[in-house]
Amino acid sequence: MSQNGQPKIAFVTGASRGIGRAIALKLASENACTVIGTATSRAGADRISKFFSDAGLNGYGVVLDVHETGQIQKTLAEIIDRHQSIDILINNAGITRDNLLMRMKENEWYDVIKVNLDAAYFTSKACLRTMMKARWGRIIQIGSVIGSIGNAGQSNYAAAKAGLIGLTKSLACEVAPRNITVNLVAPGFIETDMVAALSDKQRQQLVEHIPNKKIGKPEDIAHMVCFLASYRADYVTGQVIHVNGGMY
Ligand code: NAP
């Protein structure tokens, strides 16, 4: 809720499932935001609108493929036109296209950089004007522990997520005087479609490397995001916050 009692407008990319869905629902319920969540398909966007209405929360889904730069700019301009501002931006949409670098095709490299890193440049730029004017804003990137530790077969993903750290720290310095904070939440392994693809054996090996012996839940990430998006986190900016059961 804003200081004048109006609900804050939050925009969450990749809200149709997994971590983005949990963030979208929690921002609407705990931070009293109106949340616009994105999916790449009409059916996904409708599912987002339905989960908000089923929960009696303010929010709806829109179609956005962040691979398409022009679509990002058009969608955000339409939302800002409708709601006057986006106060809280969550760059969550992410993909993996794993391969050893020696075998990695150019499109596997560029797709991952575009969706996981380039999109955050375009969404941030589109939201900053109204945030600067309002002298308040929150930008939260969803990174990954892989951006800090690396992983064989994920050089594209690790480079994109490490790039988000540099973006976060630099932009945080640029906009701090306007009371806009920019932070990155770096999940470890979280129970979503991204992790569901693992075999039982891979999952067992993974859990062995997590000190608390559990794969996290999307809500574990959403709790941290809701804190960073709130007034309580006014003095936290330019930070990478790891949520990973102690694995890093
Ligand atoms: P997920 O379950 O695979 O969901 C991905 C979301 O991103 C979906 O909403 C999907 O929309 C959307 N998306 C995919 N490609 C997109 C595109 N080109 N344009 C716009 N949206 C797109 O993923 P997740 O596990 O929740 O991951 C969310 C974020 O957390 C990602 O940035 C990921 O890198 C990060 N992360 C996840 C884990 C983990 O263990 N799960 C760990 C570390 C970091 P559709 O439904 O329309 O496809």
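Note: the structure precedes this text.
Computed from a prediction, not measured in an experiment: that's the story for all the values here.

Visitor: Provide a residue-level description of the side chain of Thr-192, including the pertinent values.
Guide: Its place among the elements puts Thr-192 in the loop between strand E6 (180-187) and helix H7 (193-196). Setting aside chain neighbours within four positions, we find Thr-192 in contact with Gly-18, Ile-19 and Pro-218.

Visitor: An account of the packing of helix H4 (residues 106-134) against helix H6 (residues 155-175) is requested, with residue identities and associated values reported.
Guide: The contact between H4 and H6 brings their axes to 8 Å, and the two run at 15°. Taken together, H4 and H6 sit at an angle that is classed as roughly parallel. The element H4 and its partner H6 pack so that their crossing is right-handed. Only Ser-155, Asn-156, Tyr-157, Ala-159, Ala-160, Lys-161, Gly-163, Leu-164, Leu-167, Leu-171 and Val-175 of H6 make contact with H4, whose side of the interface consists of Glu-108, Trp-109, Val-112, Ile-113, Asn-116, Leu-117, Ala-120, Tyr-121, Ser-124, Leu-128 and Met-132. Considered class by class, the residues forming the contact of H4 with H6 number 15 nonpolar, five polar and two charged.

Visitor: So what's going on with the site of the ligand? Which residues, and what values?
Guide: Taken together, 29 residues sit near the ligand, with Ser-16, Thr-40, Asn-92, Tyr-157 and Thr-192 positioned nearest. Gly-14 places a polar main-chain atom, nitrogen or oxygen, 3.1 Å from an oxygen atom of the ligand. For the ligand, whose unbound accessible area comes to 900 Å², protein coverage reaches 92%. Assessed atom by atom at 2 Å from the grid points, the ligand resides in the largest pocket. Listing elements by their share of the shell around the ligand, those giving two or more residues are helix H1 (18-30), H6 and H7.

Rules used throughout
- Residues numbered from 1 in each chain as written.
- Predicted model: local features only at pLDDT ≥ 70, side-chain atom pairs only at ≥ 80, totals over all residues.
- Heavy atoms only, no water.
- Helix = DSSP H or I, 4+ residues; strand = E, 2+ residues; numbered from the N terminus.
- Contact = heavy atoms within 4.5 Å.
- Axes fitted to C-alpha atoms, helices over the stretch in contact; angles between N-to-C directions.
- Parallel < 35°, antiparallel > 145°, perpendicular 65-115°, else oblique.
- Left-handed = near helix turned anticlockwise from the far one by under 90°.
- Nonpolar A, V, L, I, M, F, W, Y, C, P; charged D, E, K, R; others polar.
- Near = heavy atom within 4 Å.
- Polar contact = N/O pair within 3.5 Å; in protein donor to acceptor, adjacent residues only side chain to side chain.
- Areas by Shrake-Rupley, 256 points an atom, 1.4 Å probe, with all protein chains shown as cover.
- 1 Å grid on protein atoms, 1.4 Å probe; cavity = no way out; pocket = protein on both sides within 12 Å on 5 of 7 lines; lining within 4 Å.
- Sits in = over half its atoms within 2 Å of the grid points.

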